[in-house]
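This is what each chain is made of:
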Amino acid sequence: MSDPQSAAALTPPRRTYLVVDGENIDATLGMNVLGHRPAPEERPRWDRIVDFARQAWSQDVTPLFFLNASSGQMPMSFVQALLAMGYRPIPLAGSSSEKVVDIGIQRTLDALRDRPGDVLLASHDGDFLPQVEALLGDTDRRVGVLAFREFVNVRLSELTARGLEIFDLEDHAGAFTAVLPRVRIIPLEEFDPLRYL
């Protein structure tokens, strides 16, 4: 007869898979929020995003950061920084007609259906809608999107009715060192007048 306590001890602790679409976050920050290519000091603090992912659901995190390396070059200093923060950089290469980062993330989200754990996707992109919907079909899995709320794909936003949690990169994750020049709807319970004074 098996001992339930020893079986529980063999079960690995639940974890969050943080899946980062770095290109999408960077492009949205530059084009939609700042209106120019972000300078290094304007970019998210990726270590804060890992910390937020750990705290959001109070469990360990496996942070995966997807990069487009189709040019044959990798930004080695950035990759080294990601490694130092505990990320697993995933530099993908393909033809110019392939959205390599999107394809890699879609395959990863599909693969996560067969693994226990929760999923936090850092992206605004509607290309992941089928995979996010499929993950939401698992009753005990928490699924979230981490992005600038006002730029999340509308169809992804609609999935909040099915349990998708949307977290804001600036407001919830505190990923930036300065207040961004955003104009957006602020839920009253989240309004902090000190940010504007």
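Everything that follows concerns the structure shown earlier in this document.
Throughout this description, residue numbers start from 1 for each chain and increase along the sequence as written. This being a predicted model, a pLDDT of at least 70 is required before a residue's local features are given, and a value of 80 or more before pairs of side-chain atoms are given or counted; all residues contribute to the totals for chains, interfaces and linings. For the side-chain quantities, the full set of heavy atoms in the structure was used; hydrogens and water were omitted.

Draft legend 1. Seen up close, the overall build of the protein. When its secondary structure is counted, the protein shows seven helices and six strands. In this text, helices come from DSSP runs of H or I with a minimum length of four residues, and strands from runs of E with a minimum of two, each type numbered from the N-terminal end. Its helices and strands in sequence order give the protein the pattern α-β-α-α-β-α-β-α-β-α-β-α-β, from N to C terminus. Our radius of gyration looks at C-alpha atoms and nothing else; its globule reference is 2.2 Å times the residue count to the power 0.38. Relative to its length of 197 residues, the protein is compact, with a C-alpha radius of gyration of 18 Å against a globular reference of 16 Å. For the C-alpha atoms alone, the extent of the protein along its principal axes is close to 65 × 45 × 35 Å.

Draft legend 2. Unusual backbone geometry, seen in detail. Of note, the phi angle at Ser58 is positive, near 50°, even though the residue is not glycine. Mapped onto the fold, Ser58 is located in the loop between helix 3 (46-56) and strand 2 (60-68).

Draft legend 3. Geometry of the nonpolar core. One finds Leu18, Ile49, Tyr87, Leu120 and Leu146 to be the most contacted residues of the largest nonpolar core, which totals 28 residues. Those elements giving two or more residues to this core turn out to be strand 1 (15-21), helix 2 (22-34), helix 3, strand 2, helix 4 (76-84) and strand 4 (118-122). A total of five residues in this core trace back to one element, the largest contributor, which is helix 3. Apart from residues lying up to four places away in sequence, Ile49 is in contact with Leu18, Pro44, Tyr87, Leu146, Leu169 and Ala175. Among the nonpolar cores identified, the runner-up in size contains 24 residues, and Phe66, Val119, Leu156 and Leu159 belong to it. By nonpolar core we mean a set of buried residues, namely Ala, Val, Leu, Ile, Met, Phe, Trp, Tyr and Cys, connected to one another through side-chain atoms within 4.5 Å. Think of it in three bands: with a 1.4 Å probe and only protein chains considered, a residue is buried below 20% of the maximum accessible area for its type, exposed above 50%, and partly exposed in between. It only takes one pair of heavy atoms within 4.5 Å for two residues to be counted as in contact.

Draft legend 4. How the structure looks around the environment of Leu120. One can find Leu120 in strand 4. Distance from Leu120 to Ala53, taken between C-alpha atoms, is 7.3 Å for residues 67 residues apart in sequence. Here Leu120 is in contact with Thr16, Tyr17, Leu18, Val19, Phe52, Ala53, Trp57, Gly144, Val145, Leu146 and Phe167, once residues within four sequence places are set aside.

Draft legend 5. Representation of the pairing of strand 3 (residues 88-92). Between any two strands, pairing holds if DSSP finds at least two bridges. When strand 2 meets strand 3, the two strands line up parallel, connected through five bridges. Its bridge partner lying in strand 3, Leu64 is registered against Arg88. Handedness of the crossover joining strand 2 and strand 3 through helix 4: right-handed. Orient the strands so they point away from the viewer; a crossover is then right-handed if the path from the first strand over the helix to the second runs clockwise.

Draft legend 6. Representation of a nonpolar patch on the surface within the structure. A contiguous nonpolar surface patch, about 350 Å² in accessible area, is contributed by Leu188, Phe191 and Tyr196. Its place among the elements puts Leu188 in the segment after strand 6 (165-168). Patch membership needs two things, relative accessible area over 30% and no salt bridge, and members are linked within 9 Å if like-charged or within 5 Å if nonpolar (Val, Leu, Ile, Met, Phe, Trp, Tyr). We get accessible surface area from the Shrake-Rupley algorithm with a probe of 1.4 Å; when it comes to residues, only the shown protein chains can shield them. Salt bridges, as used here, are contacts in which a Lys or Arg side-chain nitrogen is within 4 Å of a carboxyl oxygen on Asp or Glu.

Draft legend 7. Inspection of the pattern of salt bridges at higher detail. Inspection of every chain in the model, using the stated rule, returns 13 salt bridges. As a salt-bridge pair, Asp140 and Arg14 come within 4.0 Å of each other at their nearest N and O atoms. Residue Asp140 is located in the loop between helix 6 (129-136) and strand 5 (143-147), and its partner Arg14 is located in the loop between helix 1 (4-10) and strand 1; the two are separated by 126 residues in the primary sequence. Each member of the salt-bridge network shares a partner with another, and the members are Arg149, Glu150, Asp168, Glu170, Asp171 and Arg182.

Purely geometric stuff here, so don't read any function into it on its own.
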